[in-house]
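Structural description and commentary
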Amino acid sequence: MAPRTCTLCENAKAMLKRPKTGQQICRDCFFYVFETEVHNTITQAKLFQAGDKVAIGASGGKDSTVLAHVMKTLNERYNYGLELFLLSIDEGITGYRDDSLETVKRNQQQYDMPLKILSYDELYGWTMDAIVSQVGRKNNCTFCGVFRRQALDRGAAMLNVDHIVTGHNADDIAETVLMNIMRGDIARLGRCTALCTQGEDTIKRSKPFKYAYEKEIVMYAYFKKLDYFSTECIYSPDAYRGHARVFLKELEAARPSAIIDIIHSGETFEVREEVKATQRLQQTCKRCGYISSNDLCKACTLLEGLERGMAKSGITDRGRKQLEAQGPAPDNLRTIPPFQLPSGNPSIAIEAAP
């Protein structure tokens, strides 16, 4: 049987079948359509303006490595006029994050971008290894997710950037929709499919890979021979997200369009006004100044629980009440530094590529 020709250029030999569309295409056409789809996502949503300083959340994994490569490529090809940075968060996971950060440092040199690494230990006084030793592996992802989100905003504020982009892909977003449905989390369900988010007290954040399938990101990294770290977090196998991921993969096997279909369903969800009225209003944390729906933000609550030897008390509303019942926090309690939005030159030294 003769090799199939690319369905797009009708010239070169087809080298792969796109998981997203089923098209059989050559490598060059795959690179072009993948990059063009990301470009269309960016331009149709008007994510950037010329002169913007953009921090790329870099973990060393496939998603963030491909994002850094594609952002650099599109910035040069279409003259976006962006100043790009790499921003990495070191959670303090021995044998995982320390190795992946070595990949990020190589990416810094490969893409010629300034790099800033901000650690949990530096910001919170705790590493994930130390946290897991206190809470075990059942709820550790709660701590990491809350601390990571705030660390990204704080790192971006230190860099004085206008915008953070992350490598969340279509699979990630579809999983989040399913998770929020299964948990009945109306507040998050109403905003989890947003391409771009920004509040008065947070830095603009977006997901250029919102419609990019994870399989295609892996294929792009493979055929481009990109340098990325492929080991999963040693603490993530028991994460609740894993159940949604398994379910989504089963749906995708039966119907490849299921991923995009779920995202589109999430985009069309509307929360009734009477339900919105029951949601807590956004305010700022009285302790650190970060955005919160309570007097204390989730990160401050979790940190206080750790510091007072009641690590699990910050995870649920019931646990928080138990923490409050212990009385006011001691004056010498370790707290998170006050959060401030960017307002000038970078407040920290950044590593320039050698």
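Presented here is a report on the structure given in the accompanying data block. In this text the structure is predicted, and so the values were computed from the model without any measurement.

Applying the stated rule across the entire model yields 24 salt bridges. A salt bridge links K72 to E76, with the nearest nitrogen and oxygen atoms 3.1 Å apart. Here K72 and its partner E76 are both found in helix 2 (residues 62-77), four residues apart, which amounts to about one turn of the helix. Exposure remark for K72: the relative accessible area of 24% places this residue in the partly exposed category. The class of E76 is exposed, set by a relative accessible area of 56%. A salt bridge links R245 to E175; the shortest N-O distance between them is 3.2 Å. Note that R245 is positioned in helix 10 (residues 241-254) and E175 in helix 7 (residues 170-183), a separation of 70 residues in sequence. Residue classification places R245 among the partly exposed positions, given a relative accessible area of 34%. On the accessibility criterion, E175 (1% relative accessible area) is buried.

Positionally, R97 belongs in helix 3 (residues 97-111). Assessed through its relative accessible area of 4%, R97 is described here as buried. Looking at R97, its side chain comes within polar contact range of the main-chain oxygen of S59, at 3.1 Å.

Ranked by size, the top nonpolar core spans 42 residues in total, and within it F34, V66 and F209 carry the most contacts. Among the secondary structure elements, those contributing two or more residues to this core are helix 1 (27-44), strand 3 (53-57), helix 2, strand 4 (83-90), helix 3, strand 5 (115-119) and helix 9 (214-224). No other element matches helix 1, which puts seven residues into this core. Contact partners of F34, with chain neighbours within four places excluded, come to V66, V70, F209, A212, E216, I217 and Y220. The next biggest cluster of nonpolar side chains, apart from the first, holds 41 residues, and it includes L123, F147, I203 and Y235.

On the basis of which strands lie adjacent, the open sheet formed by six strands has the order 5-4-3-6-8-7 and mixed pairing. The sheet is open, and its two edges are formed by strand 5 and strand 7 (196-197), each paired on a single side. Two strands pair when backbone bridges link them, and strand 3 and strand 6 (residues 163-165) are joined in this way by three bridges, in the parallel orientation. Bridged to I56 within strand 6 is V165. Sheet strands touched by helix 3: strand 4 and strand 5. Its angle to strand 4, the strand with the most contacts, is close to 170°. Sheet strands in contact with helix 6 (residues 140-159) are strand 3, strand 4, strand 5, strand 6, strand 7 and strand 8 (204-206), and its direction is about 140° off that of strand 4.

If you trace the backbone, T335 turns up in the segment after helix 14 (317-325). Separated by 35 residues in the primary sequence, T335 and C300 place their C-alpha atoms 7.0 Å from one another. If near-sequence neighbours (up to four positions away) are discounted, T335 is found in contact with R287 and L303.

Parameters and conventions
- Residues numbered from 1 in each chain as written.
- Predicted model: local features only at pLDDT ≥ 70, side-chain atom pairs only at ≥ 80, totals over all residues.
- Heavy atoms only, no water.
- Salt bridge = Lys/Arg side-chain N within 4 Å of Asp/Glu carboxyl O.
- Helix = DSSP H or I, 4+ residues; strand = E, 2+ residues; numbered from the N terminus.
- Buried < 20%, exposed > 50% of the residue type's maximum accessible area, 1.4 Å probe, protein only.
- Polar contact = N/O pair within 3.5 Å; in protein donor to acceptor, adjacent residues only side chain to side chain.
- Core = buried A, V, L, I, M, F, W, Y, C linked by side-chain atoms within 4.5 Å.
- Contact = heavy atoms within 4.5 Å.
- Pairing = 2+ DSSP bridges.
- Axes fitted to C-alpha atoms, helices over the stretch in contact; angles between N-to-C directions.

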